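Descriptive analysis of the structure
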Amino acid sequence: MIRQTLLATAIGLALLPAATAHGVHLPVNQQAQPVAVVTTDLGDGLYMLQGRGGNIGVLAGEDGVFVIDSQYADMAPGILDAIDAIAEDKPRFLVNTHWHGDHVGGNAAINGAGATIIAHQGVRDRVTVDVTREWFGGQEITTKASPPEAWPVITFNDQMTLYLNGQTIRLIHAPTAHTDGDTFIHFEEANVIHTGDLMFNGSFPFVDITSGGTFAGFIAATQTMSDLANAETRIIPGHGGLATKADFAATLDMLDSVVAAVKVEVDAGKTLDETLDAAPLTPWVEDWASSFMTEPRFTTLVYQDLVRSAAD
């Protein structure tokens, strides 16, 4: 049975972004509010932690504590408290699923608690330098390099396997998907998949086309993860609640349909503004749009990706 506990501490105070927390690039203009770390016990020594930022995975056992992603720096004390409540131990390994700030912001603190940081080479390439991007076709934003103590010290290119706490843990790179450095994690014996931001359960996903992401790659990654899953697989998404294989199917159906709908407008030679006016995503807005990934934002991402792909 899935068990949930709340760990709320005074240190859990955090600034919430104007929309939905996703990366350090979003403006912060709301007052500080307490953020609880919610721990969901999945069995087999596996847990999902939810707070502010990407969902965290934890595997605890005699071989030590294995952690996936670290949310924001100001969430780290609460996350470490949650891990201590689970395992009465400090993290041994930390894997980053990609480079965005709501997944790597707590790296330095978790590394300081003793964790060795592992990630795809693309993550290290980005967190070690300042990265300037265009945010949804308008504002140019710069994400400053992370401090050295937050950098991955073990990297891989395609796949990596760890054997801990009775689990075979496959770290699998998904090329040109959410970014160019994505990893999803498959716990084979427990039948659990942590998707990182290759899944936004129940909402339009953020495909970071300025960081090497593509919709074709995102769809391919979703299909790959779905092929690994069965009806009993527990899926920890990057954002949203615990998912199942059926949620992969729903996401794939939505993505295929949305991309096809926008492609009709692109093939007709319409500009971005004309495509936004045509509102091709209308059939999916009620079920999939969110305060962060609105209809105009998602339409813009799909349009820009299709135009870029056609030019290539």
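The text that follows walks through the structure, step by step, so that each part is easy to find. Worth saying up front: this structure is predicted, and the values here are computed from it rather than measured.

Comments concerning the overall build of the chain
The helix and strand inventory of the chain stands at nine helices and 17 strands. When contacts within the chain are restricted to residue pairs at least 6 apart in sequence, those whose partners lie at least 24 apart make up 63%. Put simply, the chain shows about 12,700 Å² of open surface, and 51% of that area lies on carbon and sulfur atoms.

Describing the sheet that holds strand S17 (residues 234–236)
An order of S13-S14-S15-S16-S17 is seen for the five strands of this open sheet, with the pairing classed as mixed. Either end of the sheet is taken by a strand with one partner, and the two such strands are strand S13 (159–164) and S17. Taking the axes of each pair of neighbouring strands and ignoring which way they run, one obtains an average angle of 20° across the sheet. One ladder, built from three bridges, connects strand S15 (residues 182–187) with strand S16 (residues 192–194); its direction is antiparallel. By the bridge assignment, His 186 is partnered in S16 with Ile 193. Across the sheet, helix H5 (residues 215–228) is in contact with strand S14 (167–174), S15 and S16; its angle to S15 comes to roughly 5°.

Looking at helix H6 (residues 245–267)
For H6, spanning 23 residues, the distance from its first C-alpha to its last is 33 Å, which sits close to the expected 33 Å at 1.5 Å a residue. Taken residue by residue, H6 has Phe 248, Thr 251, Leu 252, Met 254, Leu 255, Val 258, Val 259, Ala 261, Val 262, Glu 265 and Val 266 as its buried positions. Among the structural elements, H5, S17, helix H7 (272–278), helix H8 (282–288) and helix H9 (295–311) are those in contact with the buried residues of H6. Phi turns positive, to about 80°, at Gly 269, one or two residues after H6.

Considering the pattern of salt bridges
Pairing between side chains becomes possible if they bear opposite charge and their charged atoms approach one another. What the rule picks out here adds up to nine salt bridges. For Asp 44, the salt bridge goes to Arg 234, with nearest N and O atoms at 3.6 Å. You can see Asp 44 sitting in the loop between strand S4 (37–43) and strand S5 (46–50) and its partner Arg 234 sitting in strand S17, a full 190 residues away along the chain. Among the salt bridges present, the one from Arg 170 reaches Glu 188, with a minimum N-O distance of 2.9 Å. Of this pair, Arg 170 sits in strand S14 while Glu 188 sits in the loop between S15 and S16, placing them 18 residues apart in sequence. Overall, Glu 188 belongs to the partly exposed group, its relative accessible area being 36%.

Concerning the pairing of S13
Along S13, the buried face is formed by Met 160, Leu 162 and Leu 164; none of Gln 159, Thr 161 and Tyr 163, which line the opposite face, is buried. Hairpin geometry of S13 and S14 is characterised by an intervening segment of two residues between the two adjacent antiparallel strands and by a positive phi of about 50° at Asn 165.

Quick notes on the packing of H5 against H6
The angle between the axes and the distance between the axes are what describe a pair of packed helices. Where H5 meets H6, the closest approach of the two axes is 10 Å, and the angle between their N-to-C directions is 155°. With respect to H6, the axis of H5 lies roughly antiparallel. The interaxial crossing formed by H5 with H6 has left-handed handedness. Of the residues in H6, those touching H5 at Phe 215, Phe 218, Ile 219, Thr 222, Gln 223, Met 225, Ser 226 and Asp 227 are Lys 245, Phe 248, Thr 251, Leu 252, Leu 255, Asp 256 and Val 259. Per-class residue counts for the contact of H5 with H6 are eight nonpolar, four polar and three charged.

Focus: the packing of aromatic side chains
Any two aromatic rings considered together are summarised by their centre-to-centre distance and by the angle between their planes. On inspection of all chains with the given rule, the structure shows four aromatic pairs. For the ring pair Phe 66 and Phe 187, a centre distance of 6.0 Å and an interplane angle of 85° mean the geometry is edge-to-face. With Phe 66 in strand S7 (residues 65–68) and Phe 187 in strand S15, this pair connects stretches of sequence that are 121 residues apart. Phe 187 matches Phe 66 in its accessibility class, with the two residues each being buried. An aromatic cluster is defined as three or more aromatic residues linked by ring pairs; in this entry it consists of Phe 204, Phe 215 and Phe 298.

Considerations on H9
In a regular helix each residue adds 1.5 Å, so 17 residues correspond to 24 Å; H9 covers 24 Å between its end C-alpha atoms and thus fits that length. Of all the positions in H9, only Phe 298, Thr 299, Thr 300, Leu 301, Val 302, Tyr 303, Asp 305 and Leu 306 are classed as buried. Where H9 is buried, its residues touch H5, H6 and H7.

Criteria and thresholds
- Residues numbered from 1 in each chain as written.
- Predicted model: local features only at pLDDT ≥ 70, side-chain atom pairs only at ≥ 80, totals over all residues.
- Heavy atoms only, no water.
- Helix = DSSP H or I, 4+ residues; strand = E, 2+ residues; numbered from the N terminus.
- Contact = heavy atoms within 4.5 Å.
- Areas by Shrake-Rupley, 256 points an atom, 1.4 Å probe, with all protein chains shown as cover.
- Pairing = 2+ DSSP bridges.
- Axes fitted to C-alpha atoms, helices over the stretch in contact; angles between N-to-C directions.
- Expected span 1.5 Å × (residues − 1).
- Buried < 20%, exposed > 50% of the residue type's maximum accessible area, 1.4 Å probe, protein only.
- Salt bridge = Lys/Arg side-chain N within 4 Å of Asp/Glu carboxyl O.
- Parallel < 35°, antiparallel > 145°, perpendicular 65-115°, else oblique.
- Left-handed = near helix turned anticlockwise from the far one by under 90°.
- Nonpolar A, V, L, I, M, F, W, Y, C, P; charged D, E, K, R; others polar.
- Phe/Tyr/Trp six-rings, centres within 6.5 Å; stacked < 30°, edge-to-face > 60°.

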